[in-house]
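# Coordinate inspection notes
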Amino acid sequence: MEPPEVRLENCDSVYDFYRDHRQNRLKAWGAYAVLSRRYHPRVSYAEGAREVLRSMTKQGRPLLIAINHLSESDPYTVAAAAWRSGLRPVIGRVRVLAKDELFVDPDQRRKIDMMGGIPVFRGKDHGIRAVNAAGQRMMDICAERMARGDGVAVFPEGTCNEVDPTTVQSVGSGIGHIAFRAMKLGAEPVLVSMALSYGPRADPTVQPTREEAKSASFYFGVPVLDLPTRPGDIARLVRADLQQALDGAVAAY
């Protein structure tokens, strides 16, 4: 199937495509490896987290990866950290939610598709009412992918945190609905909180420098194997668990 143009008016065709799209795993591994050499994030784990993560990837449990969002550099540093961490075995089998505007430029879109991107039409860009149907479809597609064994990576804050990089901002219910719908399809998602810090920042509205981005600190919380059964409860758990991991990332910086 030819990739459809990523526009809100075309969202049905967009999500029909991303329901079944598969990236080339070898190319994905190569891209992640290159980014790991370009950036040099430090990766640490809560006690026991590495072993649980390794066990879950071996079992093939779908991972719901939650990451705090600090800057436009995050996708690159996250990819580099994934290569250097216990997530390496699932590279090429994780879908990454990304704002729709990143899919406009053809060259950039090819890279994002290769990295596993799925477009998200955000209410802040198009209006809450306008994106409701697209959002419902996106969550269904993510749930279907998880039911087939794929992981899903989400920045659950929805936008860059320009308030306080040491505090996880409000988490919407979308991540909870994805997990809830996946469970209804028979999946057993595992929550993996992957917290990011660029170190002390006097002004969180200023993008990190290249050197700051290259020395990012990542901290994995212990994966949560049993999630609540209500979307709102899942979202609250995500925020609390990600905050705990972020405390570790800040301390490890």
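Scroll up to find the structure.
Nothing here was measured: the structure is a model prediction, and the numbers come from that model. (Residues numbered from 1 in each chain as written. Predicted model: local features only at pLDDT ≥ 70, side-chain atom pairs only at ≥ 80, totals over all residues. Heavy atoms only, no water.)

### A short note on the environment of I175
Where we set the bar: Only DSSP runs of H or I covering at least 4 residues are called helices, and only runs of E covering at least 2 are called strands; the numbering of each starts at the N terminus. Whether two residues touch is decided by their heavy atoms; if any such pair falls within 4.5 Å, the residues are in contact.
Positionally, I175 belongs in helix α8 (residues 174–184). Not counting the four nearest positions on each side in its chain, I175 is found in contact with L64, A66, V154, P156, A235 and V238.

### A word on the pairing of strand β6 (residues 190–197)
To be explicit about the condition: Classification of residues uses two cut-offs on accessible area relative to the type maximum, computed with a 1.4 Å probe and protein chains only: under 20% is buried, over 50% is exposed, and between them is partly exposed. In this description, strands pair whenever DSSP reports at least two bridges between them.
For β6, the buried fraction is high: eight of the eight residues fall into the buried class. Burial along β6 is two-sided: the face carrying V190, V192, M194 and L196 and the face carrying L191, S193, A195 and S197 are both buried. When strand β2 (residues 63–66) meets β6, the two strands line up parallel, connected through four bridges. Pairing of A66 across the sheet is with S193, part of β6.

### A look at the pattern of salt bridges
The test is simple: The term salt bridge refers to a pairing of a side-chain nitrogen on Lys or Arg with a carboxyl oxygen on Asp or Glu at a separation within 4 Å.
Applying the stated criterion across every chain yields a total of 16 salt bridges. Two residues, E5 and R7, come together in a salt bridge whose shortest N-O distance is 3.3 Å. In this structure, R145 engages D150 in a salt bridge whose closest nitrogen and oxygen atoms are separated by 2.9 Å. On the accessibility criterion, R145 (0% relative accessible area) is buried. Of the residues examined, D150 reaches a relative accessible area of 2% and is grouped as buried. Shared partners join several salt bridges into a network, and the residues in it are D12, D16, R19, D20, R137 and R148.

### Notes on the packing of α8 against helix α10 (residues 231–252)
For clarity, the threshold we go by: For helices, the fitted line uses only the C-alpha atoms of the stretch in contact; every axis is such a line through C-alpha atoms, and the angle between N-to-C directions lies from 0 to 180 degrees. In these notes the angle categories are as follows: under 35 degrees is roughly parallel, over 145 is roughly antiparallel, 65 to 115 is roughly perpendicular, and the rest is oblique. Working rule for handedness: look at the near helix, and if it is turned counterclockwise from the far one by less than a right angle, call the crossing left-handed; if clockwise, right-handed. Gly counts as polar in this scheme, as do all residues outside two lists: the nonpolar Ala, Val, Leu, Ile, Met, Phe, Trp, Tyr, Cys and Pro, and the charged Asp, Glu, Lys and Arg.
Where α8 contacts α10, the two axes come as close as 7 Å, and the packing angle between them is 125 degrees. Comparing the axis directions of α8 and α10 gives the class oblique. For the element pair α8 and α10, the recorded crossing hand is right-handed. Across the interface between the two elements, I175, G176, H177, A179, F180 and M183 from α8 touch P231, I234, A235 and V238 from α10. Looking at the contact of α8 with α10 residue by residue, the class counts come to eight nonpolar, two polar and no charged.

### Observations concerning the sheet that holds strand β3 (residues 94–99)
In sheet architecture, strand pairing relies on hydrogen bonds along the backbone and comes in two forms, parallel and antiparallel. Across the sheet, which stays open at both edges, the seven strands sit in the order β1-β7-β6-β2-β5-β3-β4 with mixed pairing between neighbours. The open sheet has two edge strands, β1 (42–45) and β4 (117–120), and neither has a second partner. Pairs of neighbouring strands in the sheet enclose a mean axial angle of 25 degrees, with direction left out of account.

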